[in-house]
Amino acid sequence: AQVQWVMLAYLLAVTLAIVLAGRMGDLHGHRRMLAAGIALFTLASAAAALAPGLGWLIAARAAQGLGAATLMALPLSLAKDLVAKERMGAAMGLLGTMSAIGTALGPSVGGLLIGAMGWRSAFALLTVLGAGLLMLALKALPAAKDRARATRAPLALGLLHDRAVATPLAMNLLVGAVMMSTLVVGPFFLAFGLGLSEAHTGLVMATGPVAAALSGLPAGRITDRFGAQASLRAGLALE
């Protein structure tokens, strides 16, 4: 029960901060807020790697979640600033593919690292990768697009009254609930219920994200060609 908070602290922080992260990006610039989020995530990863106890680790994971909220919210806004409208579906598919690849590499590489060098090595790797990502973002993202949008944009709670927005949000809520339940409970069942090693547990957890990674780009191209509604219905039917 205590170990579950290592995951739950991260997820709760992301849930509470993701709307605020998007709003802050609108007000203060997407590039600036994305860089700040990556920096926070990197520092929190270092703190987790050096954690002297469970309480420190849980606090570091919560800070990681705050940084990760910007990584989830702002890339979509940046893509809309940088990509032509007729190629937006392909861009969204590419973002989905990259996210799925990361989700697949997390449990598989993490399982191998934990089995070979202990759990601190996973956070140490995240620290190194975060530092590299921060330098890449500062170098590659154009500063010219880093401008605040209209400060009178409606708040997220106001958007819930729009059926066109509320329906996809409700769908995302249901899908996210299933996915996160799998991520939280799945490793415990595989490790303690089936007796799998850390490496094998990570490989099993990576199978779903691998399938998602392979379908991301084709799904984006299908959306560009046939429209979002038709693609969404086809995806729901497959699921």
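Residues numbered from 1 in each chain as written. Predicted model: local features only at pLDDT ≥ 70, side-chain atom pairs only at ≥ 80, totals over all residues. Heavy atoms only, no water.

Colleague: Before we move on, could you go through the overall build of the chain and cite the residues and values that matter?
Modeller: Scanning the chain for helices and strands turns up 10 helices and zero strands. Reading the chain from its N terminus to its C terminus gives the helix and strand order α-α-α-α-α-α-α-α-α-α. A total of 239 residues make up the chain; the buried ones form 30% of that total. Expressed as a percentage of contacts within the chain between residues at least 6 apart in sequence, the contacts between residues at least 24 apart total 79%. Of the roughly 14700 Å² of accessible surface on the chain, 72% is carried by carbon and sulfur atoms. (Helix = DSSP H or I, 4+ residues; strand = E, 2+ residues; numbered from the N terminus. Buried < 20%, exposed > 50% of the residue type's maximum accessible area, 1.4 Å probe, protein only. Contact = heavy atoms within 4.5 Å. Areas by Shrake-Rupley, 256 points an atom, 1.4 Å probe, with all protein chains shown as cover.)

Colleague: Hey, could you go over the confidence of the model for the chain for me, with residue numbers and the actual values?
Modeller: Residues with a pLDDT of 70 or more make up 89% of the chain, whose mean pLDDT is 80. Low pLDDT (under 50) marks residues 145-154, which in the prediction has 21 contacts with non-local residues, meaning those over four places away or in another chain. (pLDDT = per-residue confidence, 0-100.)

Colleague: Outline helix H8 (residues 198-205), supporting the account with residue identities and numerical values.
Modeller: Three or more residues of H8 are buried, namely Ala199, Thr201, Gly202 and Met205. Looking down the long axis of H8, one finds its buried residues gathered within 160° of arc, a one-sided arrangement. (Arc of directions from axis to C-beta.)

Colleague: I'd love a proper account of the environment of Ala48, names of residues and values included.
Modeller: The topology assignment puts Ala48 in helix H2 (residues 30-49). For the pair Ala48 and Ala124, spaced 76 residues apart in sequence, the C-alpha to C-alpha distance is 8.3 Å.

Colleague: How would you explain the packing of helix H3 (residues 54-82) against helix H4 (residues 88-117) if you had to name every residue and give the values?
Modeller: As a packed pair, H3 and H4 sit with axes 10 Å apart at the nearest point and diverge in direction by 150°. In terms of orientation, H3 and H4 fall into the roughly antiparallel class. For H3 against H4, the interelement crossing comes out right-handed. On the side of H3, the interface is formed by Pro75, Leu76, Ala79 and Lys80, while H4 contributes Met88, Met92 and Leu95. Here the contact of H3 with H4 is built from residues that sort into six nonpolar, no polar and one charged. (Axes fitted to C-alpha atoms, helices over the stretch in contact; angles between N-to-C directions. Parallel < 35°, antiparallel > 145°, perpendicular 65-115°, else oblique. Left-handed = near helix turned anticlockwise from the far one by under 90°. Nonpolar A, V, L, I, M, F, W, Y, C, P; charged D, E, K, R; others polar.)

Colleague: Outline a nonpolar patch on the surface, supporting the account with residue identities and numerical values.
Modeller: Taken together, the side chains of Leu94, Met98, Ile101, Leu105, Val109, Leu125, Leu129 and Leu217 present a nonpolar region at the surface, about 650 Å² in accessible area. For the nonpolar patch, the secondary structure elements donating two or more residues are H4 and helix H5 (120-140). Counting residues per element, the nonpolar patch draws most heavily on H4, at five residues. Relative to the assigned elements, Leu217 resides in helix H9 (residues 207-226). (Patch = residues over 30% accessible without salt bridge, like charges linked within 9 Å, V, L, I, M, F, W, Y side chains within 5 Å. Salt bridge = Lys/Arg side-chain N within 4 Å of Asp/Glu carboxyl O.)

Colleague: Now, about the side chain of Ser121: what can you tell me, with residues and values included?
Modeller: Here Ser121 shows up in helix H5. A polar contact of 2.6 Å, which involves the side chain of Ser121, links it to the backbone oxygen of Gly118. (Polar contact = N/O pair within 3.5 Å; in protein donor to acceptor, adjacent residues only side chain to side chain.)

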